[in-house]
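# Summary of the model geometry
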Amino acid sequence: MASVNINDVLGAPQLCGTIQGTQSGIPSVLPPGMFRAGGTVEKDYGEYKRVTGARDVARLAAYGAPSTTAQLRDVEVVPIKLLHTVENIQLPIADYTSLTRDDSLTIDPDGVQEIARQVGEFRRRFDNLRVMAATSALFKGAIYYDGMGNLLSSSAGAKTTVDFAIPPGHQGQLNWDTNGNLLGTSWDNTAADIDVQVRTLRQVSFRETGYPIRYALYGKNVPTYLTNNTKLSPYFIHNARGNEQYLQSAEIPNPLLGLTWMPAYESFFKDSTGAFQSVVGDDQVVFMPEVSFEWWSWLEGKYPVPTQLGLVGDDAASMLSNGIEKKAGMFAYATLTTDPVALKLVAGDTFIPVLKVPKAVWIATVKF
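Sequence order sets the numbering: in each chain, residues are counted from 1 along the sequence as written. Note on the predicted model: pLDDT of at least 70 is required for a residue's local features to be given, and 80 or more for side-chain atom pairs to be given and counted; whole-chain, interface and lining totals, by contrast, use all residues. Side-chain numbers come from the whole structure's heavy atoms, not from hydrogens or water.

### Side note on the sheet that holds strand β9 (residues 160-163)
Inclusion rule: Pairing between two strands is assigned when DSSP locates at least 2 bridges connecting them. Strands are runs of DSSP state E lasting at least two residues, helices are runs of H or I lasting at least four, and both sets are numbered from the N terminus onward.
If you trace the 3 strands from one edge of the open sheet to the other, you get β8-β7-β9, paired in antiparallel fashion. Each having just a single partner strand, β8 (151-152) and β9 make up the two edges of the open sheet.

### Some remarks on the pairing of strand β18 (residues 331-338)
As paired strands, β18 and strand β19 (residues 341-355) are joined by 8 bridges and run antiparallel to one another. Bridged to L336 within β19 is L343. Where β18 folds back on β19, the antiparallel hairpin that results is connected by 2 residues.

### Focus: helix α3 (residues 194-209)
Since the α-helix advances by 3.6 residues per turn, residues separated by three or four positions end up pointing in the same direction. The condition that has to hold: Multiplying 1.5 Å by the residue count of a helix minus one yields the expected span of that helix. Note on contacts: a residue pair is in contact if any heavy atoms of the two residues lie within 4.5 Å.
In this model α3 runs 22 Å from its N-terminal to its C-terminal C-alpha over 16 residues, within 8% of the 22 Å that 1.5 Å per residue would give. In the core, the buried residues of α3 are packed alongside β11 (213-218), α4 (222-228), β15 (284-289) and β20 (362-365). G210 lies just past α3 and shows a positive phi near 85°.

### Observations concerning the packing of aromatic side chains
Quick reminder of the rule: Classification of ring pairs rests on two measures: the distance between centres of Phe, Tyr or Trp rings, Trp counted by its six-membered ring, which must be within 6.5 Å, and the angle between planes, read as stacked under 30 degrees, edge-to-face over 60 and tilted in between. Throughout this description, buried means an accessible area under 20% of the type-specific maximum (1.4 Å probe, protein chains only), exposed means over 50%, and partly exposed covers the range between. Here, a charge over a ring is recorded when the distance from Lys NZ or Arg CZ to the ring centre is within 6 Å and its angle to the ring normal is within 35 degrees.
With the rule as written, the count across this model stands at 11 aromatic pairs. Seen in terms of ring centroids, F268 and F276 are 5.5 Å apart; in terms of plane orientation they differ by 75°. Their pairing is edge-to-face. Measuring from centroid to centroid gives 6.1 Å for W295 and W296, while their planes differ by 55°, and the two rings are tilted. Assigned by exposure class, W295 and W296 land together as buried. Among the aromatic residues, ring-to-ring pairing joins F35, W295, W296, W298 and F351 into one connected group. Of note, R36 hangs over the ring of F293, and the distance from its end group to the ring centre comes to 4.7 Å. For R214, the ring lying beneath its charged end belongs to Y215, and the centroid distance is 4.9 Å.

And the structure:
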């Protein structure tokens, strides 16, 4: 019987791990380090511990007096459900092979290139999902899916919602406590004290969490608000370096107001109807600390995958022990189908971004 060696096609003795890492086919607008893998769990659920740091000070006591009892720090166990996806594509062998003189099949060079292209495009779907999951978590405070498992850009029509518990006072005008809104004046008002608002936000955020704000990820309209501002516009005019940065890119120069500003408005994805969608609002700014595992991470679940092409046999126990492995996060494997003869590539991912310190993120709407 004519046969084809899948290893000649994909160049690997095992297909597990063919899909890994983050190479986005859509723009990733997030700071470096946002996609570093963290912990793993055995399936699609688990838990992590959230602790509170000491924000108070020790009490004075008379020299030689007995010690006083201090309070243990709070430890909260947070249960978590991971996101899971699995899809397949089928590559008809007849489209990529030809018969030799001894009636065996060989892979055409063009066929190898086309298979590699199809596999690469398939892989990007899973990379794209991670990119948009992280972006939605930061700009929406949640990830939304419809009843068919399709990613949504808002809560409208959502049947599944992954909420990251960012406090209401950390969203919109940032009404963090009874002292009122941190953003007291809309940024489209040219007289707005944007510099004072940012300084106050940095002060409040550090007091709440101990994580200094480092990044400001902004929507399309925000650079115009800053360059039109009566207090900030002289900076853009008289600061040669900052002015040059802005004129070359039309983006906010760095550093500005003690922060690194990153444009996020280029983020997009195609929804199930083929329409372009964005989770980044034109008037949004997400303020966040330097990326670290202390407040942001990824949790990956393990999924059983075969390690051999077309795994078959009568000994189920042997198959399970020798032919199947659990892979954390992204995975891929292939089988040969016979009706018609095709290469079936199955790939998926089990993961979730974990916002360990919800108060470390501020989702500001600067026009109101």
